[in-house]
Amino acid sequence: DQAAVADWNGDGVPDLLVPDARRRELRVVTFKGGKFMELERIANPQSIVTAVLPMQLGQSGRIAVIYGLSDGTLIAISPSPAR
């Protein structure tokens, strides 16, 4: 449950959002063209302890992910508009 699949950078290829080994950073990676590449790392002040859930924001088609940290903080993040 701690991984999500979403087209984070808007290139039409599904990307994988997964916590790093310490669960303190959310890594956004792609395998576009059969090659592994990290697109982004999102640092967090506490460990990720919940599922990472993708969602669509309204009818805009923009995506976001929501997850919870060990201190009870709920994080909702989306890619920057200039993807």
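Residues numbered from 1 in each chain as written. Predicted model: local features only at pLDDT ≥ 70, side-chain atom pairs only at ≥ 80, totals over all residues. Heavy atoms only, no water.

Here we look at the sheet that holds strand 7 (residues 74-77)
Sheet strands associate in pairs through backbone hydrogen bonding, adopting either a parallel or an antiparallel arrangement.
Move 1: Spatial ordering of the open sheet is given by 5-6-7, a layout of three strands whose pairing is antiparallel. Of all the strands in the sheet, the pair left with one neighbour each is strand 5 (53-57) and strand 7. Across the sheet, the mean angle separating the axes of adjacent strands is 25° when strand polarity is ignored.
Move 2: Here strand 6 (residues 62-68) runs beside strand 7; their pairing, made up of four bridges, is antiparallel. Pairing of Ile66 across the sheet is with Ala76, part of strand 7. (Pairing = 2+ DSSP bridges. Helix = DSSP H or I, 4+ residues; strand = E, 2+ residues; numbered from the N terminus. Axes fitted to C-alpha atoms, helices over the stretch in contact; angles between N-to-C directions.)

Quick notes on the pairing of strand 3 (residues 25-30)
In regular strands, side chains alternate between the two faces of the sheet.
Move 1: For strand 3, the buried fraction is high: five of the six residues fall into the buried class.
Move 2: Where strand 2 (residues 15-19) lies against strand 3, four bridges are found, and the strand directions are antiparallel. From the neighbouring strand, Val18 faces strand 3, where its bridge partner is Arg27.
Move 3: Once strand 2 ends, the chain turns through five residues before running back antiparallel as strand 3, passing Arg23 with a positive phi of about 60°.
Move 4: Pairing geometry for strand 3 and strand 4 (residues 37-43), over six bridges, is antiparallel. Pairing of Glu25 across the sheet is with Ala43, part of strand 4.
Move 5: Counting the residues that bridge the hairpin from strand 3 to strand 4 gives six residues, and of these Gly33 lies at a positive phi of roughly 65°. (Buried < 20%, exposed > 50% of the residue type's maximum accessible area, 1.4 Å probe, protein only.)

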